[in-house]
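If you want the building blocks of each chain, they are given just below.
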Amino acid sequence: MNDEILNALLAGFPLPSLAIDRRERIIAANTEALTLINQQAIGQNYVTMLRQPALLDAIETTLTDGMARTTHYLSNDGAQDTTFRVSCRAVQGLGQGKAGVVLVSFEDITDTEQAGQMRRDFVANVSHELRTPLTALMGFIETLRGPARNDAQASARFLDIMQNEADRMNRLVGDLMSLNRVEGDERVRPTQSVVLNDILNSTLHTLQHLAREADVIFETEFPENPVSMIADGDQLKQVFTNIIMNAIKYGGSGGRVTVRMAESAREPVLRAPGVRVQIIDYGAGIDPIHLPRLTERFYRADDHRSRALGGTGLGLAIVKHIINRHRGRLRVESELGKGTTFTVILPIHEGP
């Protein structure tokens, strides 16, 4: 009856849970716990089933002194590593001879651990991105106060470099603020009615001077009828500005950038009416090994070149979050020496 009560109790627990008695045997476990550790775990010594030293120590000491303890247990579901927070609690009056048992429950905290790691990585990346221009600024300030104090030519050159470094920090701070805003809005559906043709034409007009400086011409292929949709016009302009600027900077050697738009009554990836906007450059292309990570924060396919061209490594992360807010998709195709194609797929909503 004792074991039946324990099994019935553990079956009602939402977390993987098991009970260990004074003989160090696993005497009860729910389905989730058996799936996690071993389907044949009941009746076995807990040491042979759990194995990880930190957890074994927690169970052993709880069996000895009855004090509650918390530790961690690492597992792998075949696709990724999983981290569990494990609670060990002594319960009197159960088990063989009612000598008491230790209840062990496993709480999956993988998402929390990953979020914490992402925050740590983010802080480390921001610190790294800011340290380089700050170090340069401090070095030039020291030089201008010392050896170059009376050297007008050197002072002018150093001040130009300092201006560039300050601009770089300003762009980084601006992109961080923009990323924070778009992440905050990601679950808020847009309500504006916009004409996508107008947004693209406005974006191309704004970037025309940059294209002229890079000796790049724009080619456009738009449908005759305007494409109307529910969207955030300012955010979509930000998306196309970032992608087209990248096409000019990194694909400008091809001499042209094509912006192509096509409307579809049923977009397969959306299973709904949609529109595809392709931004195509004909430059050096991107090694396919980099494509899955392009939208990660601070990830650069060509770190040195990106920094030299003023990139912060956040532009495509911002693009990804904006497209997610619009329930769209982003596709990137590239081949070395043959250019790159960014495809933005957006649903055409009748209303918010």
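Everything below is about the structure printed above this text.
Remember, it's a predicted structure, so these values are computed and weren't measured experimentally.

Chemist: What is the right way to read the overall build of the chain from this model?
Modeler: Along its length, the chain carries 11 helices and 12 strands. For a compact globule of 352 residues, the expected C-alpha radius of gyration is about 20 Å, and the chain comes in at 29 Å, more than 25% above that figure. Principal axes of the C-alpha set define a box for the chain whose edges measure 85 × 65 × 35 Å. Intrachain contacts of the chain at a sequence separation of at least 6 include 59% that bridge at least 24 residues. Here the chain has roughly 19,200 Å² of accessible surface; of this, 50% comes from carbon and sulfur atoms. The chain carries 38 positive and 43 negative side-chain charges, and their two centres are separated by 2 Å.

Chemist: I would appreciate a short explanation of the sheet that holds strand β3 (residues 69-76) in the present structure.
Modeler: Backbone-to-backbone hydrogen bonds pair the strands of a sheet. The strands run either parallel or antiparallel. What the five strands build is an open sheet, ordered β2-β1-β5-β4-β3; its pairing is antiparallel. For this open sheet the edge positions go to β2 (26-29) and β3, each flanked by a neighbour on one side alone. Neighbour to neighbour, the strand axes of the sheet diverge by 25 degrees on average, direction disregarded. In this structure, β3 lies alongside strand β4 (residues 81-91), joined through eight bridges in antiparallel fashion. By the bridge assignment, tyrosine 73 is partnered in β4 with phenylalanine 84.

Chemist: Is there a simple way to explain the packing of aromatic side chains in this structure?
Modeler: Each aromatic ring pair is specified by the distance between its two centres and by the angle formed by the two planes. One pass over the full model with this rule turns up four aromatic pairs. Aromatic side chains tyrosine 73 and phenylalanine 84 sit 6.4 Å apart centroid to centroid with 50 degrees between the ring planes, which places their arrangement in the tilted category. Remark: phenylalanine 84 occurs in strand β4 and tyrosine 73 occurs in strand β3; sequence separation between them is 11 residues. Phenylalanine 84 shares its class with tyrosine 73; the two are buried. When the ring of phenylalanine 84 is compared with that of phenylalanine 106, the centres are 6.2 Å apart and the planes differ by 90 degrees; the resulting orientation is edge-to-face. Taken together, the positions of phenylalanine 84 in strand β4 and phenylalanine 106 in strand β5 (residues 101-108) put the pair 22 residues apart, joining distant regions of the chain. Phenylalanine 106 shares its class with phenylalanine 84; the two are buried. Every member of this aromatic cluster is reached through a ring pair, and the members are Tyr73, Phe84 and Phe106. A cation over a ring is seen here: arginine 256 above tyrosine 282, with NZ or CZ 3.7 Å from the ring centre.

Reading the values: rules and limits
- Residues numbered from 1 in each chain as written.
- Predicted model: local features only at pLDDT ≥ 70, side-chain atom pairs only at ≥ 80, totals over all residues.
- Heavy atoms only, no water.
- Helix = DSSP H or I, 4+ residues; strand = E, 2+ residues; numbered from the N terminus.
- Rg over C-alpha atoms; globule rule 2.2 N^0.38 Å.
- Contact = heavy atoms within 4.5 Å.
- Areas by Shrake-Rupley, 256 points an atom, 1.4 Å probe, with all protein chains shown as cover.
- Lys, Arg positive; Asp, Glu negative; His and termini not counted.
- Charge placed at Lys NZ, Arg CZ, Asp CG, Glu CD.
- Pairing = 2+ DSSP bridges.
- Axes fitted to C-alpha atoms, helices over the stretch in contact; angles between N-to-C directions.
- Phe/Tyr/Trp six-rings, centres within 6.5 Å; stacked < 30°, edge-to-face > 60°.
- Buried < 20%, exposed > 50% of the residue type's maximum accessible area, 1.4 Å probe, protein only.
- Lys NZ or Arg CZ within 6 Å of the ring centre and 35° of its normal.

Note that all results are geometric; they support no functional claim without further evidence.
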